[in-house]
Amino acid sequence: MIILGIETSCDETSAAITSDASQILSNIVVSQIDIHKEYGGVVPELASRKHIESIAWVIDRAFVEAGIGREKIDCIGVTKGPGLIGSLLVGVGVAKAMSMSLNKPVCAVNHLHGHLFASFLERGDLEFPFVGMVVSGGHTTIFNVKSVTDIEIMGKTRDDAAGEAFDKVAKLLGLGYPGGAIIEDLAGKCELDGIKLPRALMEKYNLDFSFSGLKTAVLKKSEEIFGIRRIDNIPGSFHALAYDREDPDVDRNLRRICRGFQEAVLEVLVTKGYWAARKMGADKLVVCGGVAANRALRERFAIRGKALGIEPVFPSLPLCADNAAMIASRATFLAREGIFDDLGFGAASRL
Ligand code: KG4
Ligand code: ZN
């Protein structure tokens, strides 16, 4: 089954063609990071405008790279939410237009289910039921994936998502956007112990998350170490730390904060992920979403998994971040069950 996937939920415009959810014929991703970087986060209005400019080219490229004509696809899979509404509408609108002109059915896909189903593209041995964690900029959720249609939430964040915490901490430390890779890099270069920071909701078998207290703890610690001045005219922020990056002492402390913050996030994720897997008697734990690109996270899950006899399954790096191949993978499973959407469906910022 050949599927065209379309993903425009946030700041990546992506189109992909997959075959039988096992072969990626193309997976084109155009990132808007350079545009949003200067604002320290995604600006929804700019994101939608950029999607509408890029989407036709991105879809064209996906067909050219796959080496197939449009008439060869069996179905179109498109992200209907959750995400930024203006961005989602671009993908949904294009998917409907193509559906009408090509006379092909559409599967409206939940973005989080897309992340969960990315692993099927690389792991033919993955079977239902499985436990999967989506750890991204917008979500931190553990799912019990019983079947294609029966996907139950086991736990989720009560406030910030893990990726959001990386981004906010990087912002408050004045390190740039997006924060994940920057913090990972600094934490990796820390030669001393990380600064000890709190872990929330760690009562045994509690599968919910909370990262906003950790972010505040980083702010308090940084104020203590570096001193702080309040600046009111930074968009989206009112704090700027007054420190000198050239000072080796400052740099050492920054690395220790990043290491301590990353340690705290990873410990919570690893502990709760395996609590969920053990609860379901699973022998695999799928860990996906942008934060799953973090190498320290992969290492930590691998070590704990080995001790517990549970194998962590990570998508390769391009399939961790937002991409349309994962949407096509999810759509393949829906299409196989004959689950299509009539063209009256809408986009939804929350699902
Ligand atoms: O899945 P994704 O591409 O978009 C959403 O659906 O949110 O995830 C983006 C998030 C961002 O918050 C980014 O900071 C985080 O993933 N991220 C990382 C790393 N690479 C990306 N977080 C920690 N370590 C990384 N190496
Ligand atoms: Zn995502």
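Worth saying up front: this structure is predicted, and the values here are computed from it rather than measured.

Draft legend 1. Here's a closer look at the pairing of strand β4 (residues 75-81). The element β4 is largely enclosed, with a buried count of six among its seven residues. Across four bridges, strand β1 (residues 2-7) lies against β4 in parallel orientation. Within the sheet, the bridge partner assigned to Ile3 lies in β4 and is Cys75. Judged from the five bridges that link them, β4 and strand β5 (residues 106-110) form a sheet pairing that is parallel. Paired with Ile76 across the strands is Val106, a residue of β5.

Draft legend 2. Structural context of the nonpolar core. Ranked by size, the top nonpolar core spans 51 residues in total, and within it Phe211, Phe261, Leu269, Leu285 and Phe301 carry the most contacts. Elements represented by at least two residues in this core include exactly β6 (130-135), α5 (162-172), α6 (179-188), α7 (212-226), α8 (248-279), β11 (284-288) and α9 (295-308). Dropping the residues within four chain positions of it, Leu269 is found in contact with Met133, Val135, Thr140, Ala162, Phe209, Phe211, Leu297 and Phe301. Counting 32 residues, the second-largest nonpolar core is a separate cluster that includes Cys75, Leu112, Leu116 and Ile151.

Draft legend 3. Here's a closer look at the sheet that holds β1. One open sheet accounts for five strands, arranged β3-β2-β1-β4-β5; its pairing is mixed. Pairing within the sheet leaves two strands with one partner each, and these edge strands are β3 (23-31) and β5. With strand direction ignored, the average angle separating the axes of adjacent strands in the sheet is 20°. Contacts between helix α3 (residues 85-102) and the sheet are confined to β1, β4 and β5, with β4 contributing the most and set at about 155° to the helix.

Draft legend 4. Layout of the site of ligand 1. Neighbouring ligand 1 are 20 residues, the closest being Gly137, Asp167, Glu184, Gly290 and Asn294. Measuring from an oxygen atom of ligand 1, one finds a backbone N or O atom of Gly138 at 3.2 Å. The side chain of Asn294 places a nitrogen or oxygen atom 2.9 Å from a nitrogen atom of ligand 1. Protein contacts shield 85% of the accessible area of ligand 1, which totals 550 Å² for the unbound molecule. Here the residues of the shell around ligand 1 sort into six nonpolar, 11 polar and three charged. In this structure, the shell around ligand 1 is formed jointly by two domains, domain 1 (2-122 + 319-336) and domain 2 (130-314), each of which donates at least three residues.

Draft legend 5. Broad picture of the coordination of the zinc ion (ligand 2). Distances from the zinc ion (ligand 2) to its protein donors, namely His111 (NE2), His115 (NE2) and Asp322 (OD), fall within the range 2.1 Å. For the zinc ion (ligand 2), the four donor atoms are set out with angles of 93 to 146° between them, so the coordination reads as irregular. All donors to the zinc ion (ligand 2) come from one chain, and their sequence spacing reads H-x3-H-x206-D. Of this pair, His111 and His115 both sit in helix α4 (residues 111-117), four residues apart, roughly one helical turn.

Draft legend 6. Fine view of the domain arrangement of the protein. Looking at the assigned domains, one finds that the protein contains domain 1 (2-122 + 319-336) and domain 2 (130-314). Each of domain 1 and domain 2 has a C-alpha centre, and these two points are 27 Å apart. Every contact between the two is made by 22 residues of domain 1 and, on the other side, 21 residues of domain 2. Across the interface of domain 1 and domain 2, roughly 1,700 Å² is buried in total on both sides, 75% from carbon and sulfur atoms. Considering only the surface of domain 1 that becomes buried against domain 2, Leu112, Leu116 and Cys320 emerge as the three largest contributors, covering 36% of it. For the interface between domain 1 and domain 2, the tally reads zero salt bridges. Along the contact surface separating domain 1 from domain 2 lie two residue pairs in polar contact (both at pLDDT 80 or more). Secondary structure elements with two or more residues in the side of domain 1 that touches domain 2: α1 (33-37), α4 and α11 (324-336). Considering only residue class, the side of domain 1 that touches domain 2 consists of 12 nonpolar, six polar and four charged.

Draft legend 7. Summary view of the packing of aromatic side chains. Under the criterion given, the structure shown has 13 aromatic pairs. Between Phe128 and Phe333 the ring centres are 6.0 Å apart and the planes differ by 85°, which places this aromatic pair in the edge-to-face class. Taken together, the residues span a long stretch of sequence, with Phe128 in the loop between α4 and β6 and Phe333 in helix α11 at a distance of 205 residues. For Phe128, a relative accessible area of 30% translates into the label partly exposed. Seen from their ring centres, Phe209 and Phe211 are 6.0 Å apart, and the 20° between their planes marks the pair as stacked. Since its relative accessible area comes to 1%, Phe211 is described here as buried. Directly above the ring of Phe117 sits Arg330, whose terminal nitrogen or CZ lies 4.7 Å from the centroid.

Draft legend 8. Summary view of the pattern of salt bridges. Per the stated rule, a full pass over the model turns up 21 salt bridges. Between Lys146 and Asp150 there is a salt bridge, with its nearest N and O atoms 3.9 Å apart. Put simply, Lys146 and Glu152 hold a salt bridge, and the shortest N to O gap is 2.9 Å. Classification of Glu152 by relative accessible area gives partly exposed; the value is 37%. Through salt bridges with shared partners, one network takes in Asp160, Glu164, Lys168 and Lys215.

Conventions we followed
Residues numbered from 1 in each chain as written. Chains lettered and ligands numbered in written order. Predicted model: local features only at pLDDT ≥ 70, side-chain atom pairs only at ≥ 80, totals over all residues. Heavy atoms only, no water. Buried < 20%, exposed > 50% of the residue type's maximum accessible area, 1.4 Å probe, protein only. Helix = DSSP H or I, 4+ residues; strand = E, 2+ residues; numbered from the N terminus. Pairing = 2+ DSSP bridges. Core = buried A, V, L, I, M, F, W, Y, C linked by side-chain atoms within 4.5 Å. Contact = heavy atoms within 4.5 Å. Axes fitted to C-alpha atoms, helices over the stretch in contact; angles between N-to-C directions. Near = heavy atom within 4 Å. Polar contact = N/O pair within 3.5 Å; in protein donor to acceptor, adjacent residues only side chain to side chain. Areas by Shrake-Rupley, 256 points an atom, 1.4 Å probe, with all protein chains shown as cover. Nonpolar A, V, L, I, M, F, W, Y, C, P; charged D, E, K, R; others polar. Domains from an automatic or database assignment. Donors = N, O, S within 2.8 Å, 3.2 Å for Na, K, Ca; no water. Tetrahedral: all angles 85-135°; square planar, octahedral: opposite > 155°, others 65-115°. Buried area = accessible area lost by both parts, 1.4 Å probe. Salt bridge = Lys/Arg side-chain N within 4 Å of Asp/Glu carboxyl O. Phe/Tyr/Trp six-rings, centres within 6.5 Å; stacked < 30°, edge-to-face > 60°. Lys NZ or Arg CZ within 6 Å of the ring centre and 35° of its normal.

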